[in-house]
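Residue strings, one per chain:
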Amino acid sequence: MELIQDTPDLSAYLAADEVIDHHHPLVRDTAARLAGEAEDSYAYARLAFEFVRDTIPHSQDSGDLRVTWRASDVLEQGTGICYAKAHALAALLRAEDIPTALCYQELDVVHGLVAVRFNGAWHRQDPRGNKPGVDAQFSLDGERLAFTPDPQSNERDCPVLYAEPHPVVLSVLKAAPDRPYLWKTLPTSL
């Protein structure tokens with residue numbers, strides 16, 4: 001699948017906004033701590049991915065009822081669903097000047113991922129969090145995502161790389177008072 005930027009301006013994939021708030025002190029402090037452990041930007045990207053994947057539980061897996069959507073809130077509260085975890089990872093990567101896009105899969109519901117740009121190419125990553133049957137890994141040599149769409153069930157990988165969260169995704173996150181409500185309103189397509 002060919003990945004398609006929603007804007008040709010690569011600097012848009014480094015920008016901060018209300019969701020990917022990489023200027024926030026908690027995001028900056030977390031990024032600085034991780035960067036101190038990395039010998040280069042590739043190692044940093046892997047460490048940031050593993051940090052979000054492994055230390056911020058997916059709220060469905062942990063039973064946490066809170067809904068987070070802003071990157072700094074995900075880091076502060078230590079919880080989020082796939083979209084929120086993707087926002088946190090995007091903020092950590094952009095904080096260290098690694099172009100990062102948000103991207104999606106249409107499964108039974110829309111699933112959130114990120115794509116990082118290295119060596120002139122985009123590489124999708126899935127920081128959802130591992131559990132039995134899910135083994136997502138950071139990889140620049142082929143995708144190691146949590147889920148593979150089933151075309152026979154009308155599931156698909158969405159090729160567009162967004163500089164900002166998709167408005168449909170962001171609106172359902174912001175409107176949800178808790179995760180059970182969110183689960184009833186998750187989008188099935190973009």
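Provided above is the structure to which this section pertains.
A brief structural summary. (Residues numbered from 1 in each chain as written. Predicted model: local features only at pLDDT ≥ 70, side-chain atom pairs only at ≥ 80, totals over all residues. Heavy atoms only, no water.)

Within the protein one finds seven helices and six strands. Listed by position from the N terminus, the elements making up the protein come as β-α-α-α-α-α-β-β-β-β-β-α-α. On C-alpha atoms alone, the protein measures out to a radius of gyration of 15 Å, which is about the 16 Å that the 2.2 N^0.38 rule sets for 190 residues. Over its C-alpha atoms, taken along the principal directions, the protein stretches across nearly 40 × 35 × 35 Å. For the protein, buried positions account for 52% of its 190 residues. Surface summary for the protein: the accessible area is close to 8500 Å², and the carbon and sulfur share equals 48%. Considering the protein, the positive charge centre built from 17 side chains and the negative charge centre built from 29 side chains are found 4 Å apart. (Helix = DSSP H or I, 4+ residues; strand = E, 2+ residues; numbered from the N terminus. Rg over C-alpha atoms; globule rule 2.2 N^0.38 Å. Buried < 20%, exposed > 50% of the residue type's maximum accessible area, 1.4 Å probe, protein only. Areas by Shrake-Rupley, 256 points an atom, 1.4 Å probe, with all protein chains shown as cover. Lys, Arg positive; Asp, Glu negative; His and termini not counted. Charge placed at Lys NZ, Arg CZ, Asp CG, Glu CD.)

Our focus in this paragraph is the state of the cysteines. Using the criterion set out here, one finds zero disulfides in the structure. Here Cys 82 is not cross-linked by a disulfide; its sulfur's nearest cysteine counterpart is in Cys 103, at 11 Å. Here Cys 82 falls in the buried class, since its relative accessible area comes to 8%. Not part of a disulfide, Cys 103 finds its nearest cysteine sulfur in Cys 158, a span of 8.9 Å. (Disulfide = S-S within 2.5 Å.)

What follows deals with the sheet that holds strand E4 (residues 121-125). Reading across from one edge, E4-E3-E2-E5 is the order of the four strands in this open sheet, with antiparallel pairing throughout. Each having just a single partner strand, E4 and strand E5 (156-157) make up the two edges of the open sheet. By the bridge criterion, seven bridges tie strand E2 (residues 100-106) to strand E3 (residues 110-118) in an arrangement that is antiparallel. Residue pairing across strands places Tyr 104 opposite Gly 112, the latter belonging to E3. (Pairing = 2+ DSSP bridges.)

Take helix H6 (residues 167-175) next. Those residues of H6 lying buried are Val 169, Leu 170, Val 172 and Leu 173. The buried residues of H6 occupy an angular sector of 165° when projected down its axis, which confines them to one face. Those residues of H6 that are buried lie in contact with helix H5 (82-95), E2, E3 and helix H7 (179-185). (Arc of directions from axis to C-beta. Contact = heavy atoms within 4.5 Å.)

In this section: H5. Taking 1.5 Å per residue as the helical rise, H5 with its 14 residues ought to reach 20 Å, and the 20 Å between its terminal C-alpha atoms agrees with that figure. Buried residues dominate H5, accounting for 14 of its 14 residues. Positive backbone phi, at 60°, marks Asp 97, one or two positions downstream of H5. (Expected span 1.5 Å × (residues − 1).)

Moving on to the layout of surface pockets. Roughly 340 Å³ of internal volume is contained in the largest pocket. For the largest pocket, the lining is made up of 16 residues, of which Leu 107, Asp 108, Val 109, His 111 and Phe 147 are closest to its centre. The set of elements that each furnish at least two residues to the lining of the largest pocket consists of H5 and E3. Classifying every residue of the lining of the largest pocket gives nine nonpolar, four polar and three charged. (1 Å grid on protein atoms, 1.4 Å probe; cavity = no way out; pocket = protein on both sides within 12 Å on 5 of 7 lines; lining within 4 Å. Points joined across faces, edges and corners; volume = space filled by probe spheres on them. Nonpolar A, V, L, I, M, F, W, Y, C, P; charged D, E, K, R; others polar.)

If you check the backbone angles, Asp 97 has positive phi at about 60° while not being a glycine. With phi around 50°, Asn 119 is a residue other than glycine that occupies positive phi space. Along the chain, the position of Asn 119 falls in the loop between E3 and E4.

Here we come to the packing of aromatic side chains. Tallied over the full model, the rule gives five aromatic pairs. Ring centres of Tyr 42 and Phe 118 lie 4.6 Å apart, and the angle between their planes is 35°; on these two criteria the pair is classed as tilted. Here Phe 118 lies in strand E3 and Tyr 42 lies in helix H2 (residues 41-55), a separation of 76 residues in the sequence. Its relative accessible area of 7% is what places Phe 118 among the buried residues. Following the ring pairs from residue to residue traces out a cluster consisting of Tyr 83, Tyr 104 and Tyr 162. Over the face of the ring belonging to Trp 69 we find Lys 174, whose NZ or CZ atom lies 4.8 Å from the ring centre. (Phe/Tyr/Trp six-rings, centres within 6.5 Å; stacked < 30°, edge-to-face > 60°. Lys NZ or Arg CZ within 6 Å of the ring centre and 35° of its normal.)

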